[in-house]
Amino acid sequence: MAEPPNAPSAGRAAFQYPSFVLFQTARFCIVLANEMQSVAVGWQVYEITKRPLDLGLVGLAQFLPGILLFLVSGHIADRYDRRRLILVCYFGFAVCCGLLLLARGHCLRSVYYIFGVLILFGVVRSFTGPVSRALLPQVVPDEHFPNAVAWSSTIFQGAAILGPALGGIVYALFRGPTAVYLLAVILALAAVVCTVKIKLQAKPRAREPINFNTVSAGLRYIWREKVILGSISLDLFAVFLGGAVALLPVYAREILLTGPWGLGLLRTAPGVGAATMAIFLAHKPIRRKVGLIMLWCVAGFGVFTILFGISHSLILSLVALFFVGATDMVSVIVRAVLIQVATPDEMRGRVNAVDMVFIGASNEFGEFESGLTAQWFGTVHAVVLGGIGTVIVTAIWAWQFPELRKIQQLHSLPNSSPNKAELSSN
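Residues numbered from 1 in each chain as written. Predicted model: local features only at pLDDT ≥ 70, side-chain atom pairs only at ≥ 80, totals over all residues. Heavy atoms only, no water.

### Description of the overall build of the chain
Stage number 1. Across its full length, the chain carries 16 helices and two strands.
Stage number 2. Residue burial in the chain is summarised as follows: out of 426 residues, 59% are buried.
Stage number 3. Total accessible area computed for the chain in this model is approximately 17500 Å², and 68% of it derives from carbon and sulfur atoms. (Helix = DSSP H or I, 4+ residues; strand = E, 2+ residues; numbered from the N terminus. Buried < 20%, exposed > 50% of the residue type's maximum accessible area, 1.4 Å probe, protein only. Areas by Shrake-Rupley, 256 points an atom, 1.4 Å probe, with all protein chains shown as cover.)

### With respect to the packing of helix H5 (residues 145-173) against helix H11 (residues 260-283)
Stage number 1. The geometry of H5 relative to H11 is characterised by a closest axis approach of 8 Å and an angle of 165 degrees between their N-to-C directions. Classified by the angle their axes make, H5 and H11 are roughly antiparallel. Here H5 and H11 pass one another in a crossing that is left-handed.
Stage number 2. Tallied by class, the residues present in the contact of H5 with H11 amount to 17 nonpolar, ten polar and one charged. (Axes fitted to C-alpha atoms, helices over the stretch in contact; angles between N-to-C directions. Parallel < 35°, antiparallel > 145°, perpendicular 65-115°, else oblique. Left-handed = near helix turned anticlockwise from the far one by under 90°. Nonpolar A, V, L, I, M, F, W, Y, C, P; charged D, E, K, R; others polar.)

### Looking at the packing of aromatic side chains
Stage number 1. Within the structure shown, the criterion is met by seven aromatic pairs.
Stage number 2. Between phenylalanine 15 and tryptophan 151 the ring centres are 5.2 Å apart and the planes differ by 70 degrees, which places this aromatic pair in the edge-to-face class. On the criterion of sequence distance, the pair formed by phenylalanine 15 in the segment before helix H1 (18-49) and tryptophan 151 in helix H5 is long-range, its members being 136 residues apart.
Stage number 3. Owing to a relative accessible area of 12%, tryptophan 151 belongs among the buried residues under this scheme. (Phe/Tyr/Trp six-rings, centres within 6.5 Å; stacked < 30°, edge-to-face > 60°.)

### A closer look at the nonpolar core
Stage number 1. Counting residues in each nonpolar core, the largest one holds 86 residues, and the members touching the most others are Phe20 and Tyr90.
Stage number 2. In terms of residue count, H1 provides more of this core than any other element does, 14 residues in total.
Stage number 3. Residues within four places of tyrosine 90 in sequence aside, it is in contact with Phe23, Ala26, Arg27, Ile30, Thr128, Ala188, Ala191, Val192 and Thr195.
Stage number 4. Formed by 24 residues, the second largest nonpolar core is a distinct cluster that contains Ile232, Met294, Leu338 and Ala398. (Core = buried A, V, L, I, M, F, W, Y, C linked by side-chain atoms within 4.5 Å. Contact = heavy atoms within 4.5 Å.)

### What to know about unusual backbone geometry
Stage number 1. Positive phi, close to 55 degrees, is recorded for arginine 175, a residue that is not glycine.
Stage number 2. Position of arginine 175 relative to the elements: it lies in the loop between H5 and helix H6 (178-196).
Stage number 3. On the accessibility criterion, arginine 175 (76% relative accessible area) is exposed.
Stage number 4. Not every positive phi belongs to a glycine, and leucine 257 is a case in point at roughly 55 degrees.
Stage number 5. With respect to the element layout, leucine 257 can be found in the loop between helix H10 (248-255) and H11.

### Here's the deal with the side chain of glutamine 37
Stage number 1. With respect to the helices and strands, the residue glutamine 37 is situated in helix H1.
Stage number 2. In this structure glutamine 37 touches Gln62, Leu100, Leu118, Phe121, Val180 and Tyr181, once residues within four positions along its chain are discounted.

### Some thoughts on the confidence of the model for the chain
Should pLDDT be low for a region, the predicted coordinates there are not to be read in detail.
Stage number 1. Looking at the chain as a whole, the pLDDT averages 78, with 82% of positions reaching at least 70.
Stage number 2. Within the chain, the lowest mean pLDDT, 36, falls on strand S2 (residues 423-424), and the highest, 93, falls on H6.
Stage number 3. This stretch, residues 1-8, has a pLDDT under 50; its non-local contacts, to residues over four places away or in other chains, come to 15 contacts.
Stage number 4. Segment residues 412-426 is flagged for pLDDT under 50; beyond a separation of four residues in sequence, or across chains, it makes 43 contacts in the model. (pLDDT = per-residue confidence, 0-100.)

### Digging into H10
Stage number 1. Taken across its eight residues, H10 has six buried, putting it largely inside the fold.
Stage number 2. Restricting attention to buried positions, one finds in H10 the residues Leu248, Pro249, Val250, Tyr251, Ala252 and Ile255.
Stage number 3. At the exit of H10 stands leucine 257, carrying a positive phi of roughly 55 degrees.

### A few points about a nonpolar patch on the surface
Stage number 1. Together, Trp376, Phe377, Leu385, Ile388, Ile392, Ile396 and Trp399 give the surface a local cluster of nonpolar side chains, amounting to about 820 Å² of exposed area.
Stage number 2. Elements with a minimum of two residues in the nonpolar patch: helix H14 (348-377) and helix H15 (379-400).
Stage number 3. The leading source of residues in the nonpolar patch is H15, at five residues.
Stage number 4. Considering the arrangement of structural elements, one finds isoleucine 392 in helix H15.
Stage number 5. Residue isoleucine 392 is classed as partly exposed on the basis of its relative accessible area, which comes to 47%. (Patch = residues over 30% accessible without salt bridge, like charges linked within 9 Å, V, L, I, M, F, W, Y side chains within 5 Å. Salt bridge = Lys/Arg side-chain N within 4 Å of Asp/Glu carboxyl O.)

Structure (structure tokens):
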């Protein structure tokens with residue numbers, strides 16, 4: 001990849017590359033569209049059924065396709081042109097949002113139809129995740145990749161901040177989800193236009209035959225690398241237990257006594273915290289004691305989840321959710337840099353597909369767990385118990401995976417072998 005005409009500053013190096021800007025613009029539009037429709041779907045489903053369990057089923061419907069397809073999607077991401085694949089995925093998002101819009105236009109109030117569309121969302125997302133993450137190293141050179149990860153996380157969180165708030169406001173202003181779904185379609189199509197213009201760094205990849213050994217290579221790689229296994233499994237169980245996002249409609253409506261606009265603010269608060277932390281880490285990356293800092297931040301994620309669970313004040317709830325997002329972002333960036341720079345380009349799709357399943361399990365399946373425990377024990381008890389569980393899991397992982405505690409620095413590894421991640425542990 002040719003060097004940019006101007007020398008990049010350390011904090012904004014990734015933005016000197018036009019393809020990175022186009023890629024992140026498209027990704028911003030997609031995340032914004034998904035966050036908007038997520039608020040609309042959550043409020044619409046709860047308005048129809050009044051059951052917290054159905055909010056959990058919203059997450060489950062989007063998670064199950066990823067479990068069934070992650071091996072296939074990862075192999076496809078490594079076998080075929082990633083730019084064309086991401087184009088198909090973004091167009092698929094537009095189709096799914098269009099189906100929700102079509103149902104609203106015909107006044108369909110069946111949650112089963114909504115769940116059916118959400119399953120299609122899940123199928124598209126099962127391919128989008130590994131393809132998108134494997135594509136990122138092809139739009140910036142290796143030496144600027146950690147900076148690209150930090151800014152990519154910032155842009156993602158920017159959309160996560162704006163999307164729920166915008167979705168809630170538009171839902172309230174237009175008295176329903178129709179305008180939200182229409183705007184989501186437009187944003188998804190804008191992402192398609194941006195992606196068409198992206199030029200990737202040429203990295204030849206052999207087309208491996210489709211068999212069990214090649215498809216499951218990502219699983220074997222992660223199992224060998226105990227540091228990666230420990231970091232992504234820690235995130236899996238911590239967020240699985242501590243995730244309260246699925247229950248935000250219940251908190252907004254019944255505990256904090258607010259409306260769709262309040263739900264939008266609640267969904268926005270973790271993104272504000274995460275984006276703030278991501279910007280900070282882009283300019284001031286963690287230089288030493290990376291592992292210990294990550295572990296303390298995951299424990300902090302659990303503590304602030306507990307604080308949110310017991311809060312009956314909208315302001316205090318927003319503050320708690322802000323720090324939930326900020327502490328989680330440290331783990332997100334450390335894990336993303338570690339996985340991407342330590343994995344050869346020809347395997348990135350499969351490794352990222354496995355990681356996306358872990359993320360999906362912690363997020364979408366975690367939403368189902370939250371809805372189920374709220375149905376059994378009550379909303380507040382479900383969130384508080386989940387936060388306590390996160391703190392306990394962090395302590396267990398710190399003991400069970402001593403490699404995590406020993407991580408001092410993460411090094412860029414442009415030519416890493418499949419079985420070795422270079423870590424400095426002074």
